[in-house]
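Here are the chains, one letter per residue:
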Amino acid sequence: MRVLVTTASRHGGTREIGDAVAEVVAAAGHDVARVDPDDVEHVDGYDAVVLGSAVYAGRLAVALRDLVDRQTEQLAARPVYLFWSGPVGVPPLPASEPDDVRTVAERVGARDVAVFSGRLRREELGLAERALVAMIHAEEGDFRDFEEVEEWAGRVARDLSRPAPSRT
Ligand SMILES: Cc1cc2nc3c(=O)[nH]c(=O)nc-3n(C[C@H](O)[C@H](O)[C@H](O)COP(=O)(O)O)c2cc1C
C-alpha cells in the first residue's frame, strides 16, 4: 500500500516519532511517503494516511488541523491513523487530551488514536512558548518511548496488510 506519514512538529520531536513510524511501516513492505502537512495538497494518491501532531496549549498543531480541514472527505475515504505527542515528565503531564483530538479523529474516521510522550527543550523555545510552558509546569526532557512508537507502528502496518473485507 502507498502510505502517507505526515507530522506537524515545531521543534522536531514529533517529526522524529513520525520518522520512526514511517520506518516500521516501510519495513513491513509498504511504500511510504513523508510529507509535511503544509505541503500535502491532496491525499488522493495514497491508500492510507498516518497523521501525527504535537500539542501546543491544549490543541493539535495548526498545520495538522488545516490539513484535516482541506482534505476531510478524502481522508475519511481511506484508512487513517492518528497520533499525538505532548505530555512530558513522569508521569506524563498534562494527563488531559487535547480539546480537538476526538473531533479530528471522528472527522477523518481514524481507525486508531495513540498518544506518545513528548520532548521539551527549553533552549529551543521562544519567549511566549517559555511563558506558556511555565504556566502548565511542563517538565524539560526527552520522554519519548520509541519502543512504544514502534509497537504501535507495527500494529498499523499489520492492519494495513490485512485483506480488505469482501463485499457480499
Ligand atoms: C508552547 C508549548 C505548549 C505546550 N502545550 C502542551 C499541551 O497543552 N499539552 C501537552 O500534552 N503538551 C504540551 N506541550 C508539550 C509539547 O507538545 C511537547 O514538547 C512535544 O514533544 C513538542 O513536539 P515538537 O518537538 O514536535 O514541537 C507544549 C509545548 C510547548 C512548547
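Please refer to the structure higher up on the page.
A few points on the structure. These numbers come from a predicted model, not from an experiment. (Residues numbered from 1 in each chain as written. Predicted model: local features only at pLDDT ≥ 70, side-chain atom pairs only at ≥ 80, totals over all residues.)

1. Some thoughts on the packing of helix H1 (residues 13–27) against helix H6 (residues 146–161)
Now for step 1: Closest axis-to-axis distance for the H1/H6 pair is 8 Å, and the angle between their directions is 45°. Comparing their axes, H6 and H1 come out oblique. Where H1 crosses over H6, the handedness of that crossing is right-handed. On H6, the residues touching Ile 17, Ala 20, Val 21, Val 24 and Val 25 of H1 are Phe 146, Val 149, Glu 150, Ala 153, Gly 154, Val 156 and Ala 157. (Axes fitted to C-alpha atoms, helices over the stretch in contact; angles between N-to-C directions. Helix = DSSP H or I, 4+ residues; strand = E, 2+ residues; numbered from the N terminus. Parallel < 35°, antiparallel > 145°, perpendicular 65-115°, else oblique. Left-handed = near helix turned anticlockwise from the far one by under 90°. Contact = placed C-beta atoms within 7 Å.)

2. Comments concerning helix H4 (residues 101–108)
Now for step 1: All buried positions along H4 are accounted for by Val 101, Val 104 and Val 108. Around the axis of H4, the buried residues are gathered within 65° of arc, so they sit on the same side. H4 presents Arg 102 and Glu 106 as exposed residues on the side facing more than 90 degrees away from its buried surface. (Buried ≥ 20, exposed ≤ 12 C-beta atoms within 10 Å, placed from the backbone. Arc of directions from axis to C-beta.)

3. A look at the site of the ligand
Now for step 1: The environment of the ligand is formed by 26 residues, the closest being Ser 9, Gly 13, Thr 14, Gly 86 and Gly 118.
Now for step 2: Among the secondary structure elements, those contributing two or more residues to the shell around the ligand are H1, strand S3 (48–56), strand S7 (119–120) and helix H5 (127–135).
Now for step 3: Looking at side-chain class alone, the shell around the ligand contains 13 nonpolar, 9 polar and 4 charged residues. (Near = placed C-beta within 6 Å. Nonpolar A, V, L, I, M, F, W, Y, C, P; charged D, E, K, R; others polar.)

4. Some words on the pairing of strand S5 (residues 80–85)
Now for step 1: Most of S5 is tucked away: 6 of the 6 residues are buried.
Now for step 2: In S5, alternate side chains face the same way, and those of Val 80, Leu 82 and Trp 84 on one face and Tyr 81, Phe 83 and Ser 85 on the other are all buried.
Now for step 3: Here S3 pairs with S5 via 6 bridges, running parallel. By the bridge assignment for S5, Ser 53 is matched with Trp 84.
Now for step 4: Pairing geometry for S5 and strand S6 (residues 112–116), over 5 bridges, is parallel. Bridging across to S6, Tyr 81 finds its partner in Asp 112. (Pairing = 2+ DSSP bridges.)

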